[in-house]
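One-letter residues, chain by chain:
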Amino acid sequence: MKLYYSPGACSMASHISLIELDQPYELVKTDIRAKKTEDGRDFREINPMGYVPAIELDGGEILTENAAILPYIASLKPGVLAPTGNALGEARVHEVLGFVGSELHKAFGPFFGGAEGAARDSALDRLKARIAHIDYLLGDGRDYLFGDRFSIADAYAFVVLSWTKHFGIPLDEWPNVKAFVERAAQRPAVRQAMAEEGLLEKAEA
């Protein structure tokens, strides 16, 4: 399996999940601005939308979008990173994946776009409301979003919430989220993924 990724982007959720499951993979670094892979291919030949993540299966099939890739990866070892045989439990994971993708992840768009002044203030209010919801989900002393077991939803939420550091947004206002990010950052799979993407030294600086 090939994982097309950009360092620190949401594709790292798939990277973390593959390591958590001890699945073999090949990383293909991708410049999402230039739409080029590290070996010079036009990335739009792999994903016409030009963004990561994308995975290429051993048979040559391409899968894109976190909402599809993460459950697929979880299915490689059922019951480890997502529940199986429990319709409501499975739906809850998809519910959180949907929120992280359509609300939390999307709320960072203005920051990546360089929003300033009133536009940034408005974007920050919107982002804070989304972070507050994750804080609520982590409420009752749980380590991760579904209790004491790390899931694909945790991998995705961790990566997106980590972007707050890049934009100088402290997490002190949300103690559950702050503890979650710190806890997840110490997982061996997370540290390995960050190291392989060249991010570990930056994170510890």
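Numbering of residues starts from 1 in each chain and follows the order in which that chain's sequence is written. Thresholds applied to this predicted model are a pLDDT of at least 70 for local features of residues and 80 or more for the giving and counting of side-chain atom pairs; totals over whole chains, interfaces and linings are not thresholded and use all residues. In computing side-chain properties, one takes all heavy atoms of the structure into account and sets aside hydrogens as well as water.

## Topic: the pattern of salt bridges
Consideration 1: By convention in these notes, a salt bridge is any Lys or Arg side-chain nitrogen within 4 Å of a carboxyl oxygen on Asp or Glu. In this structure the tally under the stated criterion is nine salt bridges.
Consideration 2: With its nearest N and O atoms 3.6 Å apart, the salt bridge here joins Arg183 to Asp143. Within this pair, whereas Arg183 is found in helix H7 (residues 175–185), its partner Asp143 is found in the loop between helix H5 (117–137) and helix H6 (152–166), the two being separated by 40 residues in sequence.
Consideration 3: Per-residue accessibility, obtained with a 1.4 Å probe over protein chains only, is compared with the maximum for each type, and a residue is labelled buried under 20%, exposed over 50%, and partly exposed between these values. Accessibility expressed as a relative area gives 30% for Arg183, which makes it partly exposed.
Consideration 4: A single network of salt bridges, built from pairs that share partners, joins Glu103, Arg126 and Arg130. For helices the rule is a DSSP run of H or I covering at least 4 residues; for strands it is a run of E covering at least 2, with both sets numbered from the N terminus onward.

## Quick notes on the environment of Leu199
Consideration 1: With respect to the secondary-structure elements, Leu199 resides in the loop between helix H8 (188–196) and helix H9 (200–204).
Consideration 2: Given the relative accessible area of 15%, Leu199 is considered buried.
Consideration 3: Expressed as a C-alpha distance, the spacing of Leu199 and Asp154, which sit 45 residues apart in the sequence, is 19 Å.
Consideration 4: The residues contacting Leu199, other than those within four sequence positions of it, are Pro7, Gly8, Met12 and Met194. Contacts were defined at the residue level, with two residues in contact if any of their heavy atoms lie within 4.5 Å.

## Overview of the side chain of Arg130
Consideration 1: With respect to the helices, strands and loops of the structure, Arg130 is situated in helix H5.
Consideration 2: The class for Arg130 is buried, based on a relative accessible area of 18%.
Consideration 3: Those residues within four positions of Arg130 in sequence are excluded, and the remaining contacts are Phe99, Glu103 and Leu104.

## Considering the nonpolar core
Consideration 1: In this structure, Ile16, Leu104, Ile134, Phe158, Leu161 and Val177 are the most contacted members of the largest nonpolar core, which totals 61 residues.
Consideration 2: Of all the elements, H6 adds the most residues to this core, at 10 residues.
Consideration 3: Apart from the residues within four sequence positions on either side, Leu161 is in contact with Leu104, Ile131, Ile134, Val177, Phe180 and Val181.
Consideration 4: Buried residues of nine kinds, namely Ala, Val, Leu, Ile, Met, Phe, Trp, Tyr and Cys, make up a nonpolar core once their side-chain atoms join them within 4.5 Å. Counting residues in hydrophobic clusters, the runner-up holds seven residues, among them Tyr4, Val28, Ile46 and Ala54.

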